[in-house]
Amino acid sequence: MKEGNALATEVALTSRVEHLMLERTGEKLIYPPTEKVGVIVVDKFPMLGKLTALRFIEWVQQNPGGVVALPTGKTPEYFIKWVQHFLQNWDDPTVAADLEEHGVDPSIRPDMRSLHFVQIDEFFPIDPTHHNSFHYYVRRFYIDGFGLDPGKAMLIDCTRILGLDCKRLEEIFPEYSVDLSLRHRRPKTNLERLQKEAIERVDQWCEEYEAKIRNLGGIGFFLGGIGPDGHIAFNIAGSSHFSTTRLTMTNYETQAAAAVDLGGIEVAKKRAVITIGLATITYNPDCVAIIFAAGDAKAKVVKDAVESEPTITVPATALHKLPNARFYLTAGAAKLLTERRKNKLRQMGKLPTQVCEQLVVDLALKKRKRITRLTVEDLKADEFASFVLVDRGEDEVRELLGQIESNLRRKIESGMEVARNTTFLHTAPHHDDVELGYLAFIVRHIREASNKHYFVYMTSGFTSVTNSHMLKLMEKLKRFLDSGYFEGLHAEGYFHPDNLLGRNRDVWQFLDGVAANDEFMKDEGEARRMLRILIEVFEEENLNSLRDRVDELIHYFRTQYPGRKDLPHIQRIKGMVREWESECMWGYFGFDCNFVRHLRLGFYTGDIFSEEPVVERDVIPVLELLREVKPDVVTVALDPEGAGPDTHYKVMQILAEALKLYEQECGRSDIQVLGYRNVWTRFHPAEANIFVPVSLNMFAILQNSFKNAFASQWEAAFPSYEHEGPFSELAQLVQVEQYRTIKTCLGREFFYLHPSPLIRATRGLVFLRRMSLEEFCQYAGEMRKAISGA
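Since we're looking at a predicted model, the values are computed, not measured.

Visitor: Please set out the overall build of the protein residue by residue, giving values where relevant.
Guide: For the protein, the helix and strand inventory stands at 32 helices and 17 strands. Expected size for 790 residues packed as a compact globule is a radius of gyration near 28 Å; at 28 Å, the protein falls within 12% of this value. Seen through its C-alpha atoms, the protein measures out along the principal axes to roughly 80 × 75 × 60 Å. With 790 residues in all, the protein has 59% of them scored as buried. Of the contacts made within the protein by residues no fewer than 6 positions apart, 77% connect residues no fewer than 24 positions apart. Treating the 97 positive side-chain charges of the protein as one cloud and the 111 negative ones as another, the clouds have centres 4 Å apart.

Below, the structure is given as structure tokens:
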């Protein structure tokens, strides 16, 4: 208690920014003894960046010449934008008023050039000029973007550390592979001798880097995100709280998170990292160390970091010793913090049924009891479920438990229903989202012949196709071209971009090969489509010229560094490969290319901070599709605030805007919207209102179709941190876990003794959320306020 009170008092004395923000939220900085570090929760994602920017500027004003360490990645986007906004418009009266309102003195311009900058971490080895290096990021967004003095920046440049040019660096560490066991063993080859010498030089450099930081007095202002395993910088779970700057390897969770930056998980697994240590961050006892996090997906790791006693399994607990350590969080990231969650429940009084359902389901899982077998004593003994009892007598509570169980059964019954004479528009941000999200629902409705189905992909998805996969495709195509195999088809106009029958025949050829288990037939279908893509992209029909193009592409995919942003025509080719895969996927179920649409919306650029959607470029194409298809049901990826890929949120907003315009045009307010989630986030059973049964047979269809259709994804180059393998395997695990949850709540007899063979065969469940058009637009609007503040 004393530590918490001292911390709160210090905030009032040292940070007016934090003091004013706490006044606005009405919450305390810390709720001891459960919470071990100060927390500030904001209601909007951009406000997270704004709060962090204000606190940073306030600190710079108070500490000219201080030492700062700032993060890389996507989380700092709004922090960077707000700092730049304030610095570039400092003399604007409106900006001055905004600063003053939030506790920053606008009469003191922060002296950014006085600061010493410390780079937090870096991949090793990596060319510092590569766009996916943290060195490049730091120079672009902090040194140049904030106007820092390059001469006072301590940067991690692998080439300077070793005194080697980039080519020599890659020769010593071929394929970027680092074996740190060389620290402790004799090298077996001359290459290993060079690698051992390089590793020893990096280790010595790390010692000197640490000493320089400490000679400056340590870090005064540290800002960082928190990884899926709780890592701070690259201090992964298990890192010593006394760790210093070092060369080290990472764990799978961190490698999966870094795979997009590095061009795939196999590259990420081989790379080492240079990182400052936890003791580097905490060396200065006055360090303002801020961890910021957004979204439901971070809630569990945030809870562990804030509420656990100091432990090496939760790296962020090393910050508890710093009185100025803080967690800045969105509501989603803070939702599992015990005392804050209790406060919200307490303020609600008599809880609404959906909240009760969530608490009761959670208790049933914790107690491993069927819901109707829970007792009032069970509820009383639970710190959260006990709030269900507020303003309810025992009889009413028992009635409520029966009602919740009946509600869960109704959701399964809804999942068994099959619509008729219905037009579905299945929308997806990425090309495998629909299959991974709710394939069982689609297959059941495909079997009803009166229904119509259209599948639309909003982005080109080029970032998820590796160079190594493209190289395999181009080498296959080269073999077919060199053999003259396609000359007859080419002469008859088969490959003309407008030949829809030819596009369909590509798919049919490939699927015939799948059915026959004939690799040559599959390769031929694939090569046909690759040739068709090149003819369209390069606007070239001469086969000799196209052979030259294939050779150029083979060279490109062999020589480009993994993770590099591709040239526009390469992006287009990779995106068309994803489109081909989705056409193969729905070809499985008898849909030709006319039912599979590709919008390639322009907000999707592959930049680290992607563009915001605009009406003319991004909404109107969707509106035009709605006019053509005239759907009765539209599906949408429905991720919660700050969770899942950023693309999912933007696509949801585009769909909401397009549907509103469509309703205004034609008066169709009766359109149903089905929200789905897949491998990135999950619905709580209380949030979903349709539970679709999934059988072992359906799981087999999922795995087989994903393996054959989505060849670029089967090797899982960009996997989830939760599972080392293809997304289809993770989707199955999610659906099995959802089934187990409901089986616990309803009792196993409900499934095993059910009169329907569909339910008796159930081994997984897909959770969906059915909404009216009005409900969906309201949900999207609330999300927009939470994400953008608009």
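Back to the text.
Visitor: Break down the sheet that holds strand β1 (residues 38–42) for me, with residues and values.
Guide: In spatial order, the strands read β1-β10-β9-β6-β2-β3-β5; together these seven strands make up an open sheet with parallel pairing. Of all strands in the sheet, those bounded by a partner on one side alone are β1 and β5 (153–154). In the sheet, strand β2 (residues 67–69) pairs with strand β3 (residues 116–118) via two bridges, with the strands oriented parallel. Looking at β3, one finds that Val-67 is bridged to His-116.

Visitor: Pulling in residues and values, what's your account of the sheet that holds strand β4 (residues 121–124)?
Guide: Within the open sheet, the three strands sit side by side as β4-β8-β7. Their pairing is antiparallel. Among the strands making up the open sheet, the edge pair consists of β4 and β7 (246–248). Pairwise comparison of adjacent strand axes, ignoring direction, gives a mean angle of 25 degrees for this sheet. Bridge count for β7 against strand β8 (residues 272–275) is three bridges, and the pairing is antiparallel. Bridge assignment links Leu-247 to a residue of β8, and that residue is Ile-274. The sheet contacts of helix α9 (residues 190–215) involve β4, β7 and β8, and relative to β7 the element is tilted by about 135 degrees.

Visitor: Now, about the pattern of salt bridges: what can you tell me, with residues and values included?
Guide: One pass over the full model with this rule turns up 68 salt bridges. The partner of Asp-179 in a salt bridge is Arg-185, and the shortest N-O contact between them spans 2.8 Å. Residue Lys-478 pairs with Asp-551 through a salt bridge whose shortest N-O separation is 3.0 Å. Of the two residues, Lys-478 sits in helix α19 (residues 467–482) while Asp-551 sits in helix α23 (residues 543–559), which places them 73 residues apart along the sequence. Accessibility expressed as a relative area gives 28% for Lys-478, which makes it partly exposed. On the accessibility criterion, Asp-551 (33% relative accessible area) is partly exposed. Among the charged side chains, a salt-bridge network with shared partners connects Arg-503, Asp-506, Arg-529, Arg-532 and Glu-583.

Visitor: Give a description of the nonpolar core that names residues and reports values.
Guide: Ranked by size, the top nonpolar core spans 76 residues in total, and within it Met-474, Leu-477, Leu-531, Leu-534, Trp-586 and Leu-768 carry the most contacts. With nine residues, helix α18 (residues 433–446) is the largest single contributor of residues to this core. Excluding residues that lie within four positions of it along the chain, Trp-586 makes contacts with Val-434, Leu-439, Ile-442, Phe-455, Tyr-457, Phe-591 and Val-596. Leu-379, Leu-400, Leu-425 and Ala-656 belong to the second largest nonpolar core, which has 71 residues in total.

Visitor: So, helix α24 (residues 568–587): which residues are in play, and what are the values?
Guide: An α-helical turn contains 3.6 residues, so a residue and the one three or four places further along point in the same direction. In this model α24 runs 29 Å from its N-terminal to its C-terminal C-alpha over 20 residues, within 8% of the 28 Å that 1.5 Å per residue would give. For α24, the buried fraction is high: 17 of the 20 residues fall into the buried class.

Visitor: Describe the packing of helix α21 (residues 500–516) against helix α22 (residues 519–538), and please don't skip the residues or the numbers.
Guide: Interaxial distance between α21 and α22 falls to 7 Å at its minimum, and their mutual angle equals 160 degrees. Viewed along their axes, α21 and α22 adopt a mutual orientation that is roughly antiparallel. Handedness of the crossing formed by α21 with α22: left-handed. The segment α21 lies against α22, with Gly-502, Arg-503, Arg-505, Asp-506, Val-507, Gln-509, Phe-510, Asp-512, Gly-513, Val-514 and Ala-516 engaging Met-521, Lys-522, Glu-524, Gly-525, Arg-528, Arg-529 and Arg-532. Its residues assigned to classes, the contact of α21 with α22 comprises five nonpolar, four polar and nine charged.

Visitor: A description of the pairing of β8 should follow, citing residues and the corresponding values.
Guide: Of the two faces of β8, the one lined by Ala-272 and Ile-274 and the one lined by Val-273 and Thr-275 are each fully buried. With four bridges joining them, β4 and β8 adopt antiparallel strand pairing. Opposite Asp-121, over in β8, you have Thr-275 as the bridge partner.

Visitor: Any chance you could break down the packing of aromatic side chains for me, citing the residues and the numbers?
Guide: Overall, the coordinates contain 41 aromatic pairs when judged by the stated rule. For the pair Phe-480 and Phe-486, a centre-to-centre distance of 5.2 Å together with 0 degrees between the ring planes defines the contact as stacked. Considered together, Phe-480 and Phe-486 belong to a single accessibility category, that of buried residues. Ring pairs connect the aromatic residues Phe-56, Trp-59, Phe-79, Phe-117, Tyr-137, Phe-141, Tyr-142, Phe-146 and Phe-221, which therefore count as one cluster. A cation over a ring is seen here: Arg-271 above Tyr-176, with NZ or CZ 3.9 Å from the ring centre.

Visitor: Requested: an account of the confidence of the model for the protein, with residues and values cited.
Guide: With 97% of its residues at a pLDDT of 70 or more, the protein has an overall mean of 93. Confidence drops under pLDDT 50 across residues 1–13; counting only partners more than four residues distant or on other chains, this segment forms 20 contacts.

Visitor: Account for the packing of helix α25 (residues 615–629) against helix α26 (residues 646–666), naming residues and giving values.
Guide: Their axes nearest at 9 Å, the elements α25 and α26 cross at an angle of 50 degrees. The angle between α25 and α26 places the two elements in the oblique class. At the point where α25 passes α26, the crossing takes the right-handed sense. Contacts from Asp-618, Val-619, Val-622, Leu-623, Leu-626 and Arg-627 in α25 reach Ile-654, Leu-655, Glu-657, Ala-658, Leu-659, Leu-661, Tyr-662 and Glu-665 in α26.

Visitor: How would you summarise the environment of Asp-296 if you had to cite specific residues and measurements?
Guide: Take Asp-296: it is sitting in the loop between β9 (288–293) and α13 (299–307). Residues Asp-296 and Thr-330, 34 residues apart in the sequence, show an inter-C-alpha distance of 8.7 Å. For Asp-296, the side chain forms a polar contact with the side chain of Lys-335, separated by 2.9 Å.

Visitor: Any chance you could break down the environment of Asn-689 for me, citing the residues and the numbers?
Guide: Inspection of the secondary structure puts Asn-689 in the loop between β15 (672–676) and β16 (690–695). Residue Asn-689 is classed as partly exposed on the basis of its relative accessible area, which comes to 28%. Between the alpha carbons of Asn-689 and Ala-153 there is a distance of 54 Å; along the sequence they are 536 residues apart. For Asn-689, the contacting residues outside a window of four places in its chain are Lys-411, Ser-414, Leu-768, Arg-769 and Arg-770. Only 2.6 Å separates the side chain of Asn-689 from the backbone nitrogen of Arg-770, close enough to count as a polar contact.

Visitor: I'd like to hear about the side chain of Ser-712, residue by residue, with values.
Guide: Relative to the helices and strands, Ser-712 resides in helix α28 (residues 711–714). Judged by relative accessible area, which is 5%, Ser-712 ranks as buried. Only 2.8 Å separates the side chain of Ser-712 from the side chain of Gln-713, close enough to count as a polar contact. Once residues lying within four places of it in the same chain are set aside, the contact partners of Ser-712 are Ser-464, Val-465, His-469, Arg-578 and Glu-581.

Here is what the cut-offs are and how they apply
Residues numbered from 1 in each chain as written. Predicted model: local features only at pLDDT ≥ 70, side-chain atom pairs only at ≥ 80, totals over all residues. Heavy atoms only, no water. Helix = DSSP H or I, 4+ residues; strand = E, 2+ residues; numbered from the N terminus. Rg over C-alpha atoms; globule rule 2.2 N^0.38 Å. Buried < 20%, exposed > 50% of the residue type's maximum accessible area, 1.4 Å probe, protein only. Contact = heavy atoms within 4.5 Å. Lys, Arg positive; Asp, Glu negative; His and termini not counted. Charge placed at Lys NZ, Arg CZ, Asp CG, Glu CD. Pairing = 2+ DSSP bridges. Axes fitted to C-alpha atoms, helices over the stretch in contact; angles between N-to-C directions. Salt bridge = Lys/Arg side-chain N within 4 Å of Asp/Glu carboxyl O. Core = buried A, V, L, I, M, F, W, Y, C linked by side-chain atoms within 4.5 Å. Expected span 1.5 Å × (residues − 1). Parallel < 35°, antiparallel > 145°, perpendicular 65-115°, else oblique. Left-handed = near helix turned anticlockwise from the far one by under 90°. Nonpolar A, V, L, I, M, F, W, Y, C, P; charged D, E, K, R; others polar. Phe/Tyr/Trp six-rings, centres within 6.5 Å; stacked < 30°, edge-to-face > 60°. Lys NZ or Arg CZ within 6 Å of the ring centre and 35° of its normal. pLDDT = per-residue confidence, 0-100. Polar contact = N/O pair within 3.5 Å; in protein donor to acceptor, adjacent residues only side chain to side chain.

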